[in-house]
Amino acid sequence: MQDFLRTQLERYAQRLQELDFLLSREDIMADMKQYRNISREHADVTAVASRYSRYQQTEADIAAAREMLDDPDMAEMAQEEISNGEEELIKLEAELQRMLLPKDPDDARPAFVEIRAGTGGDESALFAGDLARMYTRYAANVGWKVEVMSSNENEIGGYKEVVLRIEGDNTYGALRFESGGHRVQRVPATETQGRIHTSACTVAVMPEPDEAEAITLNPADLRIDTFRASGAGGQHINKTDSAVRVVHLPTGIVAECQDGRSQHSNKAKALQVLQARIQEKERSERAAKEAALRKGLIGSGDRSDRIRTYNFPQGRLTDHRINLTLYKLLAVMEGDMGDVIEALKHAREAELLAELETN
C-alpha cells in the first residue's frame, strides 16, 4: 500500500476516537441535528477504520506465515496462507481506496434528467424520445421510479424537450455523467434514399434540491404564466389553463409543466425543476472552472461537451471522454446501461484517487 493511503487511513482511527468521545457528551445528545450528523460520520468512519484494521491483521498474518516457511512440516500450509493473504490484501486495498474518495452529498439524491432535441429536426426529436426510453428502461431494470415532470412532443412521436424525475438508490451519483451532447448516426425513418444522417440531443442531469438547503426563490423574481396544455390527452386536455410556465427573471431560466391535471400540482413541479436548473447553473460554472484546472477525463458536464456517439449502422456506442467503445448499441438503447455507467464511475474514481495522491 502506498504511504499516502496509509497516512490517510491512520487518521480515520484517530477520528473514530474523537467521534466516540463526542457521542458520549450530553450536550451533543441533546441536539438532535448535531447528534444525527455526528452519528452519520461515525458510521462512515467506523466502516473505513474496521476495513483498515482487517487489512493490518492480514498483513500480520502474512508476516507470521513467512516465519514458518523454514519449518518443513509447516512450509506448504504457510505458503498457502501467504498466497491467500496477498489476494485478500489486493481486494482490501481496492475497497479502501474507494472508501477514501470524497463523496458528493448530492449523489444519493433523486435526479432530474432533461433531454432536449438539437440539430437534426424531426430525427433529433425522435432520438430524444429514444434517450428518454433508454433511461426509463434502465431505471426499471434497477428498480428506480420515473416520473415525467414536463414534456413537449413533436408531431411524429419524439420530444422537443422532456424532463424526467428519477428516484432510487444513488440515482444522481449513477446518472450524473450523462450530462452533455449525445450524437446519433443512423438512417432516419423519414429518409427515402437510405442515407445516414447525424443528429444530436443534449442531456442535463441535475440533483433534486434538498428542501432544507434549497435556494429560496423571491416571488418578485418570478413570472408565472398559465396556459392550456397541448397534445393528446383525452377529455381532460384543453379544458382549463392548467399548464404552468415559470420564468426566473434574473437568470432567464424557464421551467414549465403541463403533465398534471391540476394547475397547483403543475406549478409545484415547475418550481421544483426551476430550482434544480438554477442550482445546476451555479454547479456547472464551478465544475467548468475545476475541470479547466484539473483537465479531467469526465469534463464539466456542460451541454456543449460532445460526450457520446450512437452509431446504429455499426451497432456501436462510443463514449469519447474515456475512449469506451461497446458493440451492443441496441441492448444499451433497451436500458442495458450498466457497463457504460460503471466505466464512467471507475474513470472518475481514478481521477479522484490521483487528486488525493497529489494533495
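Treat the numbers as computed from the prediction; the structure is a model and nothing was measured.

Engineer: Looking at this model, I keep getting lost on the overall build of the chain. Mind explaining?
Structural biologist: When helices and strands are tallied, the chain shows nine helices and 11 strands. Considering only contacts within the chain whose residues lie at least 6 apart along the sequence, 62% involve residues at least 24 apart. When the accessible surface of the chain is totalled, it reaches about 19,600 Å², and 48% of it is carbon and sulfur.

Engineer: Just checking my understanding: could you explain the sheet that holds strand β9 (residues 306–311) for this structure?
Structural biologist: Strands belonging to one sheet form pairs held by backbone hydrogen bonds; the direction of such a pair is parallel or antiparallel. Strand order in the open sheet made by the eight strands is β2-β3-β1-β5-β4-β9-β10-β11, with mixed pairing throughout. Both edges of this open sheet fall to β2 (145–153) and β11 (324–326), since each of them pairs with a single strand only. Mean inter-strand twist for the sheet, computed between neighbouring axes without regard to direction, equals 15°. Contacts from helix α9 (residues 338–358) reach β9, β10 (316–319) and β11, with the element oriented near 170° to β11.

Engineer: Help me understand the packing of helix α1 (residues 3–23) against helix α4 (residues 75–100), please; the structure alone is not making it clear to me.
Structural biologist: What describes two packed helices is the angle between their axes and the distance between those same axes. One can describe the packing of α1 onto α4 by two numbers: an axis separation of 11 Å at closest approach and a directional angle of 70°. When the axes of α1 and α4 are compared, the pair comes out roughly perpendicular. Considering only the axes of α1 and α4, their crossing is left-handed. Judged by residue contacts, L5, Q8, L9 and Y12 of α1 engage E93, L96, Q97, M99 and L100 from α4. Grouping the constituent residues of the contact of α1 with α4 by class yields six nonpolar, two polar and one charged.

Engineer: In this structure, what is going on with the nonpolar core? I would like to understand it.
Structural biologist: For soluble globular proteins, nonpolar side chains are generally found buried alongside one another. Membership of the largest hydrophobic core comes to 37 residues, with the highest contact counts inside it found for V113, I115, L131, Y135 and Y310. The set of elements that each furnish at least two residues to this core consists of β1 (111–117), α5 (121–141), β3 (159–167), α6 (171–175), β5 (197–207), β11, α8 (329–333) and α9. The element that contributes the greatest number of residues to this core is α5, accounting for eight residues. Not counting residues within four places of it along the chain, the set of residues in contact with I115 comprises A128, L131, A132, Y135, K160, E161, V162, T202 and V203. Counting residues in each nonpolar core, the second largest holds 18 residues, with L5, L9, L96 and L356 among its members.

Engineer: Help me out: how do you make sense of the pattern of salt bridges in this one?
Structural biologist: According to the stated counting rule, one finds 30 salt bridges in the structure shown. Between E41 and R15 there is a salt bridge, with its nearest N and O atoms 2.8 Å apart. In this pair, E41 is assigned in helix α3 (residues 32–67) and R15 in helix α1, connecting sequence segments 26 residues apart. Accessibility expressed as a relative area gives 29% for E41, which makes it partly exposed. E334 serves as the salt-bridge partner of R133, at 2.8 Å between the closest nitrogen and oxygen. Taken as a pair, R133 in helix α5 and E334 in the loop between α8 and α9 lie far apart in primary sequence, 201 residues in all. Residue classification places R133 among the partly exposed positions, given a relative accessible area of 37%.

Engineer: Sorry, what's going on with the environment of Y135 here?
Structural biologist: Tracing the sequence through the fold places Y135 in helix α5. Relative accessible area serves as the criterion here: at 1%, Y135 is assigned to the buried category. Separated by 11 residues in the primary sequence, Y135 and V146 place their C-alpha atoms 9.1 Å from one another.

Engineer: Would you mind going over the sheet that holds strand β6 (residues 222–227) with me for this structure?
Structural biologist: Strand order in the open sheet made by the three strands is β6-β7-β8, with antiparallel pairing throughout. Single-partner strands in this sheet number two, and they are β6 and β8 (253–257). Strand after strand, the sheet turns through a mean of 15° between neighbouring axes, direction not considered. Relative to strand β7 (residues 243–248), β6 runs antiparallel, the two being bridged by six bridges. Opposite L222, over in β7, you have H248 as the bridge partner.

Engineer: Explain the confidence of the model for the chain to me, please; I cannot follow it from the model alone.
Structural biologist: With 88% of its residues at a pLDDT of at least 70, the chain reaches an overall mean of 85. Below a pLDDT of 50 lies the segment residues 232–239, which in the model reaches seven contacts outside its immediate sequence neighbourhood of four places, other chains included.

Reading the values: rules and limits
- Residues numbered from 1 in each chain as written.
- Predicted model: local features only at pLDDT ≥ 70, side-chain atom pairs only at ≥ 80, totals over all residues.
- Heavy atoms only, no water.
- Helix = DSSP H or I, 4+ residues; strand = E, 2+ residues; numbered from the N terminus.
- Contact = heavy atoms within 4.5 Å.
- Areas by Shrake-Rupley, 256 points an atom, 1.4 Å probe, with all protein chains shown as cover.
- Pairing = 2+ DSSP bridges.
- Axes fitted to C-alpha atoms, helices over the stretch in contact; angles between N-to-C directions.
- Parallel < 35°, antiparallel > 145°, perpendicular 65-115°, else oblique.
- Left-handed = near helix turned anticlockwise from the far one by under 90°.
- Nonpolar A, V, L, I, M, F, W, Y, C, P; charged D, E, K, R; others polar.
- Core = buried A, V, L, I, M, F, W, Y, C linked by side-chain atoms within 4.5 Å.
- Buried < 20%, exposed > 50% of the residue type's maximum accessible area, 1.4 Å probe, protein only.
- Salt bridge = Lys/Arg side-chain N within 4 Å of Asp/Glu carboxyl O.
- pLDDT = per-residue confidence, 0-100.

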